[in-house]
Amino acid sequence: MANNNITDITDEDAADLQFPKDCLMNPTDKSEHDVELEMSVLKGKIFASDPICRVCKSTLVEPYIRCAVCTDIEICPACFAKGCEVNEHKNDHDYVIIKNEFPLIDDSNWAAKHELELLNVLQQCGFGNWTDVGRRMHRKSAEECKMHYLKYYIDNQILPGLPKIKESRASLFGCEPIPYLFKLQDLEEPPRFGVHTPNGRLLAGYNAARSDFDVNFDNHAESLISDLELDEFQPRDNSCELGQALQVAIAQAYNNRLRERARRERIVREHGLIAFRKTIWSIQKYENTITKPLLERLLIFMQLVDGIEFDFLMEGLHRVGELKNHIFKLLEFRRNGIKHFHNVPMFQKLSQLRQENEREKKQYLSNPEYSWRSLLPDNFASINNPILGSAQRKAAPPLAIKGLPGYEKLSVDEKELCSVLRIVPANYLDFKLLLITESKKCGFLRLAQARTLLKIDVNKTRKIYDFLLERGYINKPTQ
C-alpha cells in the first residue's frame, strides 16, 4: 500500500539534511511500486532489532538514510550530511529516508513509532499492567493502549508474523489451574513452643520469626519521648532555644538506649545465647573426634567469636580428630602385623569375633548359676573360709580415657595403666614428670618419697612407682 504523504515528508527531510551532492534523487519520480516496496521494508523493520550506522556504528533513530543502490547500507543523518562513504557505497547513490510517522495499520490512527513504543513499554511493564503502560506512553491513555493492543494484536491480528495463539486454560494461565484445598481461615497456626514449657522458657521470650523479644532490654525506653511535643516551644518564647536543646538531648538519649538494645540483641543472636541446650546438642557430633572434655573447654570461645567463626573452629578441630583417629587405626594395624590393606577386613572381622567371645565369657562368669561357689554345700564357704563367705567389694571397671587431655602422649602400656588405675592421662603425665625430676635430683627415689609427693591412693602410687621403676624412668636406692 502506498502512502500519499511520503513525497512531502521526503522533500522536507531532504531539504533539512543539506546533503552536499551535485545530483539528488527526486522522490517525486518514484513509482507507486517503489513506494509500496519502501512501506514493506518499513513494516519489516518495525519488529527487527535496532539498526546501526555503517560509518560511526551508532544506533540509528528515525529519520535516517538507507542507500537504494547498495544492500544493507544505513547511515545516520550526521554521516550523511558529511558525505561519508563506506566500502562500495558512494555519496552520489540514490537513497531513501526512513521515517516511522506513517500509520502501520490501515484503520488505525497510530503511527509506526507509536506501535514500537507500545511494544517496548509492554515488554518492560508486562501484559495487563495497563496503568503503568499508560503512564509511559506519550499522549495515549491506559484504556487506549489496552483497547488498541487487544484489538490489533490479540483479537484481530492484522500485522504479518504475529503468532497465532489458541485460547485454552493452559495458554491463559501457563498451566492447568489447581484450586486451593483449604481456605485461609482453615489454616492452622505454625508450630511454636508453649508459653510455660521448658523449651519456651529456654527461648527467654525470643521470637525467631520477628527476630526480637517479647520483653526487650530497657522495655520502657519509649516513655522518654512519649510526651514530647514538637510545637511546645515557640520562637517568640525566651526559653525556646533551651527547650529545643533539651528535647534534642532527650531524643539522643532515646537513640542511645535503642543502640544498646540492638547491641545486646546482636550479641545474643551471634553468640548463641538463646536455647543454649540446643547449641550444646548441636556439637555432640564431634564427641568421637574432638571428645567431650575438650568440647566443654572450647565453649568459652563462643564469647569471643560469632556462630560462623565458632563453626569454622569446630570443623577444623573435627578434621584434625578424624586424621588422628585414622592414624591410630593404621598404627593398630601395624602393631598387629597388618602390612597390606587387603588384610584389614579379615583382621576387623576376627577382632569383632574375639570381642564377642570375651563379652560372652564375662556374662557366663558373672552368672551365679555357673559359678563354682554354687556347687558347695550351704554355709560351707562361710564356715570353712570366712574370706570367701564375707562380702567382697566389686572392682571398678576400667576408665575410658580415649580422647581425654594427654591421651596421645601415652604409650600403649601407659594407656592400659591409666585405664586400670582410673587416672586421667594429664594427671598421670604430671605424676610421671614429678617422680622423674625427684629421682634425677637425688639419684634415686624411695616409695615413701613417691607417696609424699603424689598424695593419692597408696595402692595407685605403688603401681605407678613399680611401673616407672620397671621401665627405667626412676632408680631404686641401693642397699
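Residues numbered from 1 in each chain as written. Predicted model: local features only at pLDDT ≥ 70, side-chain atom pairs only at ≥ 80, totals over all residues. Heavy atoms only, no water.

J.: Whenever I open this one, the overall build of the protein chain confuses me. Can you help?
T.: The helix and strand inventory of the protein chain stands at 19 helices and five strands. Considering the protein chain as a whole, with its 479 residues, one finds that 28% of them fall into the buried category. Long-range pairs, those at least 24 residues apart, make up 49% of the contacts in the protein chain with a sequence separation of at least 6. With an accessible surface of roughly 35,000 Å², the protein chain has 54% of that area assigned to carbon and sulfur atoms. (Helix = DSSP H or I, 4+ residues; strand = E, 2+ residues; numbered from the N terminus. Buried < 20%, exposed > 50% of the residue type's maximum accessible area, 1.4 Å probe, protein only. Contact = heavy atoms within 4.5 Å. Areas by Shrake-Rupley, 256 points an atom, 1.4 Å probe, with all protein chains shown as cover.)

J.: Is there a simple way to explain the side chain of Glu-265 in this structure?
T.: With respect to the helices and strands, the residue Glu-265 is situated in helix α9 (residues 240-270). Summary of buried charges: Glu-265 has no salt-bridge partner, and the nearest side chain of opposite charge, Arg-261, is 5.5 Å away. (Lys, Arg positive; Asp, Glu negative; His and termini not counted. Salt bridge = Lys/Arg side-chain N within 4 Å of Asp/Glu carboxyl O.)

J.: When you look at the confidence of the model for the protein chain in this model, what are you seeing that I'm missing?
T.: Detailed reading of the predicted model is not advised wherever pLDDT is low. On average, residues of the protein chain carry a pLDDT of 76, and 75% of them reach 70 or more. Ranking the elements of the protein chain by mean pLDDT puts helix α1 (residues 6-17) last with 41 and helix α19 (residues 458-471) first with 91. Low pLDDT, under 50, characterises residues 1-30; the stretch is placed with 47 contacts to residues that sit more than four places away or in other chains. (pLDDT = per-residue confidence, 0-100.)

J.: Would you take a moment to explain the sheet that holds strand β3 (residues 95-98) for this structure?
T.: Consider a sheet: its strands pair through backbone hydrogen bonds, and that pairing is either parallel or antiparallel. Read across the sheet, three strands follow the order β2-β1-β3 without closing on themselves; strand pairing throughout is antiparallel. Both edges of this open sheet fall to β2 (74-75) and β3, since each of them pairs with a single strand only. Pairing of strand β1 (residues 64-67) with β2 involves two bridges; the strand directions are antiparallel. Paired with Arg-66 across the two strands is Glu-74, which belongs to β2. (Pairing = 2+ DSSP bridges.)

J.: Would you mind showing me how to read the packing of helix α18 (residues 447-454) against α19 here?
T.: Two quantities define a packed helix pair, namely the angle between the axes and the distance from one axis to the other. Remark: α18 packs on α19, axes separated minimally by 10 Å, with the N-to-C direction vectors making an angle of 120 degrees. Classified by the angle between their axes, α18 and α19 sit oblique to one another. As α18 packs across α19, the resulting crossing turns out to be right-handed. Contacts between α18 and α19 involve Leu-447, Ala-450, Arg-451 and Leu-454 from the former and Val-458, Thr-461, Arg-462 and Tyr-465 from the latter. When its residues are assigned to classes, the contact of α18 with α19 shows five nonpolar, one polar and two charged. (Axes fitted to C-alpha atoms, helices over the stretch in contact; angles between N-to-C directions. Parallel < 35°, antiparallel > 145°, perpendicular 65-115°, else oblique. Left-handed = near helix turned anticlockwise from the far one by under 90°. Nonpolar A, V, L, I, M, F, W, Y, C, P; charged D, E, K, R; others polar.)

J.: Would you mind showing me how to read the packing of aromatic side chains here?
T.: Aromatic rings considered in pairs are described by the distance between their centres and by the relative angle of their planes. Tallied over the full model, the rule gives seven aromatic pairs. Between Tyr-149 and Tyr-153 the ring centres are 5.0 Å apart and the planes differ by 15 degrees, which places this aromatic pair in the stacked class. Within this pair, Tyr-149 and its partner Tyr-153 are both found in helix α6 (residues 142-155), separated by four residues, close to a single helical turn. One exposure class covers both Tyr-149 and Tyr-153, and it is buried. Ring plane angle 90 degrees and centroid distance 5.7 Å describe the contact between Phe-333 and Phe-347, whose orientation is recorded as edge-to-face. (Phe/Tyr/Trp six-rings, centres within 6.5 Å; stacked < 30°, edge-to-face > 60°.)

J.: Even after reading the chapter, I still don't get a nonpolar patch on the surface, so can you show me in this structure?
T.: Judged by side-chain polarity, Ile-300, Phe-301, Leu-304 and Leu-313 come together as a nonpolar surface patch covering roughly 390 Å² of accessible area. By the secondary structure assignment, Leu-304 is in the loop between α11 (292-298) and α12 (307-335). When its relative accessible area of 67% is taken as the criterion, Leu-304 is described as exposed. (Patch = residues over 30% accessible without salt bridge, like charges linked within 9 Å, V, L, I, M, F, W, Y side chains within 5 Å.)

J.: What exactly am I supposed to notice about the nonpolar core here?
T.: Generally speaking, soluble globular proteins have nonpolar side chains that are buried together. By size, the foremost hydrophobic cluster in this structure holds 21 residues, and its most contacted members are Tyr-428, Leu-435, Ile-464 and Leu-468. Residue assignment for this core shows that the elements contributing at least two residues are α16 (412-421), α17 (425-442), α18 and α19. Those residues within four positions of Ile-464 in sequence are excluded, and the remaining contacts are Leu-421, Ile-423, Tyr-428, Phe-431, Leu-435 and Ile-456. (Core = buried A, V, L, I, M, F, W, Y, C linked by side-chain atoms within 4.5 Å.)

J.: Before we go on, may I ask you to explain the pattern of salt bridges in this structure?
T.: Here the idea is simple: oppositely charged side chains can pair when their charged atoms come close. Within the structure shown, the criterion is met by 13 salt bridges. Of the charged contacts, one joins Asp-413 and Arg-471 as a salt bridge, the two residues approaching to 3.0 Å between their closest N and O atoms. With Asp-413 in helix α16 and Arg-471 in helix α19, this residue pair connects regions lying 58 residues apart in the sequence. For Arg-471, a relative accessible area of 37% gives the class partly exposed. Among the salt bridges present, the one from Arg-471 reaches Glu-470, with a minimum N-O distance of 3.5 Å. Take Glu-470: its relative accessible area is 63%, and that puts it in the exposed class. A network of salt bridges, in which partner residues are shared, links Glu-260, Arg-263 and Arg-264.

J.: Help me understand α17, please; the structure alone is not making it clear to me.
T.: Within an α-helix, residues lying three or four positions from one another point in the same direction, as the helix has 3.6 residues per turn. With 18 residues, α17 ought to run about 26 Å at 1.5 Å a step, and its terminal C-alpha atoms sit 26 Å apart, in line with that. Buried positions along α17 lie against α16, α18 and α19. Gly-443 occupies a position one or two residues after α17 and carries a positive phi of about 85 degrees. (Expected span 1.5 Å × (residues − 1).)

J.: Hey, could you run me through α9 in this one?
T.: Compared with the 45 Å implied by 1.5 Å per residue over 31 residues, the 45 Å span of α9 between its first and last C-alpha is a close match. Where the residues of α9 are buried, they touch β5 (212-213).

J.: It is not clear to me how a negative patch on the surface should be interpreted in this structure. Could you clarify?
T.: Where like charges cluster on the molecular surface, the negative patch consists of Asp-227, Glu-229, Asp-231 and Glu-232. By the element assignment, Glu-232 lies in the loop between β5 and α9. Its relative accessible area of 43% is what places Glu-232 among the partly exposed residues. (Charge placed at Lys NZ, Arg CZ, Asp CG, Glu CD.)

J.: Before we go on, may I ask you to explain the packing of α16 against α19 in this structure?
T.: Orientation of α16 relative to α19, taken along the N-to-C sense of each, is 170 degrees, at an axis distance of 11 Å. The angle between α16 and α19 falls in the class roughly antiparallel. Where α16 approaches α19, its residues Asp-413, Glu-414, Leu-417 and Leu-421 are matched on the opposing element by Lys-460, Lys-463, Ile-464, Phe-467 and Arg-471. For the contact of α16 with α19, the class distribution of residues is four nonpolar, no polar and five charged.

J.: Would you explain the side chain of Gln-247 in this entry?
T.: Note that Gln-247 resides in helix α9. On the basis of relative accessible area, Gln-247 is assigned to the buried category, the value being 14%. The residues touching Gln-247, leaving out its near neighbours within four places in the chain, are Leu-228, Glu-229, Glu-232 and Phe-233.

J.: Sorry if this is basic, but what is going on with unusual backbone geometry here?
T.: It is generally the case that most residues other than glycine have a negative phi and that most peptide bonds are trans. One non-glycine residue with positive phi stands out, namely Lys-57, at about 65 degrees. Locating Lys-57 in the fold gives a position in the loop between α2 (32-46) and β1. The class for Lys-57 is exposed, based on a relative accessible area of 58%. The phi dihedral of Arg-422 is positive, around 60 degrees, even though this residue is not glycine.

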